[in-house]
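Now for the letters of each chain:
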Amino acid sequence: MFFFLTFFIWTCMKHYFQQLLCPLSFRRFGNSLSEYFHLLQLRYNTLKVIGAEFGTSVLSYFIFLKWLLTFNIFSLLINFSFITIPQFLAAEPNNLSFTGLELLTGAGYFQQTVLYYGFYTNATISKIKNGPSYNMQLAYIFTVGLYFVICFLILLFSIAKSFWRNFINPQAYSVNASKLLCTWDFNITNEKAVKLKQKNLSMQIKEDLTEVNWEVLSVSAKERVVCISINFASWVASLGTALAACAGVYFLSTNNLKLFVKGHRNDLESQAAMLVLPVVTSLLNAFIPFFYSWLGRLERFKTPGQHIYVTITRNIILKISILGILCYYWLGIVAASESQCWETLVGQDIYRLIVVDFIFCLLGSFFGEFLRRIIGTTVYVSLGLPEFDIGRNVLDLIYAQTLTWVGILFSPLLPVIQIIAFSIVFYVKKVSLMMNCQPPRKVWRTAQMTTSFIFLLFFPSFVGVLALFSHTFRLKPSEECGPFRGLSSMYAAVSEWIEILENYTASKWVVWIYHNLITSELFFFILSTLVLIVTYIYWQIIEGRKTMTKLLYKQISNEGKDKMFLLEQLRSLQRAKQTPSAPGGQGQAGQS
Amino acid sequence: MKGFGFFTSSNRLFFLILSCTDNYRLCILFYRYRDLAPQLVPLDYTHKPDVTLPYELIGSMPELKDNPFRQRIAEVFSEDGDGNMTLDNFLDMFSVLSEMAPRDLKAYYAFKIYDFNNDDYICKSDLEKTVNKLTRNELTPEEVSLVCEKVIYEADADNDGKLSLEDFQHMIIRAPDFLSTFHIRI
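None of the values given here were measured: they were computed from a predicted structure.

Student: Sorry, what's going on with the side chain of Ser557 of chain A here?
Tutor: Position of Ser557 of chain A among the secondary structure elements: in helix H18 (residues 521-578). The exposure class assigned to Ser557 of chain A is buried, which follows from its relative accessible area of 17%.

Student: What's the story with the domain arrangement of chain B in this structure? I'm lost.
Tutor: Often, the extent of an interface is quoted as the loss of accessible area on bringing the components together. All names here are of chain B. Its domain assignment divides chain B into domain 1 (13-97) and domain 2 (103-185). When each unit is reduced to the centre of its C-alpha atoms, the spacing between domain 1 and domain 2 is 25 Å. Of the residues lining the interface, 13 residues belong to domain 1; the matching set on domain 2 comes to 16 residues. Across the domain 1 to domain 2 interface the summed buried area is about 1400 Å²; carbon plus sulfur atoms make up 74%. Summed over the three residues of domain 1 that lose the most area to domain 2, namely Phe69, Arg72 and Leu97, the buried surface amounts to 47% of that side. In this assembly, domain 1 and domain 2 are joined by zero salt bridges.

Student: Can you walk me through a nonpolar patch on the surface in this structure?
Tutor: All names here are of chain A. A contiguous nonpolar patch, built from Val149, Phe152, Leu153, Leu156, Phe157 and Leu466 and spanning about 510 Å² of accessible area, is present on the exposed surface. Among the elements that line the nonpolar patch, the one with the most residues is helix H5 (residues 136-166), at five residues. Within the secondary structure, Phe157 sits in helix H5. A residue is classified by how much of its surface remains accessible, and Phe157, at 58% relative accessible area, is exposed.

Student: Would you explain the packing of aromatic side chains in this entry?
Tutor: Describing an aromatic ring pair means giving the distance of the ring centres and the angle of the ring planes. All names here are of chain A. Under the criterion given, the structure shown has 39 aromatic pairs over all chains. Aromatic side chains Phe291 and Trp294 sit 6.2 Å apart centroid to centroid with 25 degrees between the ring planes, which places their arrangement in the stacked category. Linking Phe291 with Trp294, this pair stays in helix H10 (residues 276-298), spanning three residues, or about one helical turn. You can call Phe291 partly exposed: its relative accessible area is 32%. Look at Trp294 and you get partly exposed, because its relative accessible area is 48%. Taking the centre distance of 5.3 Å and the plane angle of 75 degrees together, the rings of Phe366 and Phe367 count as edge-to-face. Aromatic rings pair up to connect Phe64, Trp67, Phe71, Phe74, Tyr147, Phe148, Phe152, Trp405, Phe453, Phe462, Phe469 and Phe473 into one cluster.

Student: Would you mind showing me how to read the nonpolar core here?
Tutor: Within the largest apolar cluster, 108 residues are counted, with the highest numbers of intra-cluster contacts made by Tyr61, Phe64, Phe148, Trp330 and Trp405 of chain A. When near neighbours in sequence (up to four residues on either side) are disregarded, Tyr61 of chain A contacts Phe388, Ile390, Asn393, Val394, Leu397, Val425 and Lys429 of chain A. Ranked by size, the runner-up nonpolar core spans 68 residues in total, among them Ala193 of chain A together with Met61, Leu134 and Ala175 of chain B.

Student: Where do I start with the interface of chain A and chain B in this structure?
Tutor: If you look at the interface, chain A gives 57 residues, while chain B gives 58 residues. Carbon and sulfur atoms supply 63% of the area buried between chain A and chain B, which totals about 5500 Å² over both sides. Summed over the shared surface of chain A and chain B, the number is zero salt bridges. The interface formed by chain A and chain B includes six residue pairs in polar contact (both at pLDDT 80 or more). Split by residue class, the side of chain A that touches chain B holds 29 nonpolar, 17 polar and eleven charged.

How each quantity is defined
- Residues numbered from 1 in each chain as written.
- Chains lettered and ligands numbered in written order.
- Predicted model: local features only at pLDDT ≥ 70, side-chain atom pairs only at ≥ 80, totals over all residues.
- Heavy atoms only, no water.
- Helix = DSSP H or I, 4+ residues; strand = E, 2+ residues; numbered from the N terminus.
- Buried < 20%, exposed > 50% of the residue type's maximum accessible area, 1.4 Å probe, protein only.
- Domains from an automatic or database assignment.
- Contact = heavy atoms within 4.5 Å.
- Buried area = accessible area lost by both parts, 1.4 Å probe.
- Salt bridge = Lys/Arg side-chain N within 4 Å of Asp/Glu carboxyl O.
- Patch = residues over 30% accessible without salt bridge, like charges linked within 9 Å, V, L, I, M, F, W, Y side chains within 5 Å.
- Areas by Shrake-Rupley, 256 points an atom, 1.4 Å probe, with all protein chains shown as cover.
- Phe/Tyr/Trp six-rings, centres within 6.5 Å; stacked < 30°, edge-to-face > 60°.
- Core = buried A, V, L, I, M, F, W, Y, C linked by side-chain atoms within 4.5 Å.
- Polar contact = N/O pair within 3.5 Å; in protein donor to acceptor, adjacent residues only side chain to side chain.
- Nonpolar A, V, L, I, M, F, W, Y, C, P; charged D, E, K, R; others polar.

Structure representation (structure tokens):
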């Protein structure tokens, strides 16, 4: 009886669930479903609208921005949970008052908050007596170290995936065929944008048909010498400008230090003086690239792609050298000065740099796009609407992210600032794009550019920051503040901990790993040799495959020729078969 | 379906997986299909009704109405090659044009779209029609002819004067932008 009852209930439920889960019977869902979809569509909609009107190349900037935003949210989660929350438990009261100016300068009230390194305690936090304790020193070092290891792995895998997907052998790239058959952007669904793209494509095809290859032209030796000297002169000018900018920043920063060492007056004048260095740095970063693009217009390049790459390289050299000088100032001069808490000072400097850079980014969008559109449509109508400058905007993003990475040791909550900044930049740029810009005229090789962006983020930025950190860990921390006060270097916290662990037999393996793998040079030497050998093997395999491809190409072409030859033979045989019947018939008729 | 033999097991699996696990996308696409003609398309598909929407409705969708290749797209994915699509055809079309479709599948359908006379080769006349659609008939016939000759010269590996599916796929491999441009968001 019981068995039949369960069987009956089971068949009823099966029938009921089949009705429910049947994928195409939508009677049950009705109106609520359409509302749900509308909400989910909102996130998709912004990217879709941008791609629809401006194409994939501009869309790649916004996707990169969103990716960086997710990155910063992830770093915030790690830092907040492992460092800041324990610090809240052991926090000292803040006696300073809050004026609105702190948002800009980062000093004043913020100095005694979790925003900066100086506020963190060096004690072992334990709320419950004889309960589990939390060693702040080790937590700080290991959290930051772990964060960088994870970043490294994420960036490495992104580059590898991007490179594998998008790498083109430049010799094998068939320009015309791809331009015709593979680059029509099906994303664009705006009628005006489609017409514009068609017009651009026809203009490009006309240009390609009429242009003469610069190399093929027999250029006279004199012209070639003139060209090379112009290139050389513009490189000298750009490097000289970068050097002058660095010297200016260095001079300003040493002046800045005198201000701090003199005293901590919190009045408006000294606060305003603190802002001079970031404002000057951002001004240099904003205006020197215009000079570089003017130089680029004077020179003659073989391809427009070369022009873009040279301009981007010069901008990167400028930004990296300015950052380098600032890091030397922070780690070399401020760290060795007699100021009370040098890490907090460095953290405040970086905070100010990030905030001022963000303000300049918004101003750049206002002047570069909004005002330029007004000028282009009313005063100089020939200029037309501005184009969205993808290269410069991406470099700004990479620079901002590099600043965050540099500052994360001295100010663990810097990702919060960056998240707010990036979110505002996303919406401002989107609105500015829709209102002021026209779709790009030249066809960008989007996939290659995306790979280069991630590569630029990894190689100069991330690796540079890693090198910086390995130097910072050996510096002497300040005596009166921060989790490492009193130690000879930040790294000493780890070595002290290993010494403590040596006394416990249960953790002998940790000590063994530390002495034989992490601090031993032989291990890293062997590791590097292995990596080099594996790279060489893979390189040889690729070379072999390239030769194989060439041979197979020749084979296909020969087969095609064979096919043509045999078809001709067949046709001539058929013709020969048909024609003997006609004269034979006539001969017979003539004979008879 | 003509050409079904081309589909490898991985592509068939792709359609199966897409239709099974992506119910959310399926729902959106069904609602879009129904919005084109609410009086023709029933809400209940359990009895597999035989409903075909004419090309004019499909071609008026905002995602397709300005695309120069919309007619070819509708013809390639429709049952009889005339542009009138059932729900299955509609779902197939947006699945292939989504970002999850594998490269080979997209290359196959892109080839069919550019093959105007359906002879399994992109010959010079197909290319000329493509160029005219891409440039809105702004080029002179000599320029069009020159461009088509250049394209065939670059991409034709077996020298038969037209592009076969293998030539086209080989060209796609060397153009990584293809995956992101042959894509319609819905």
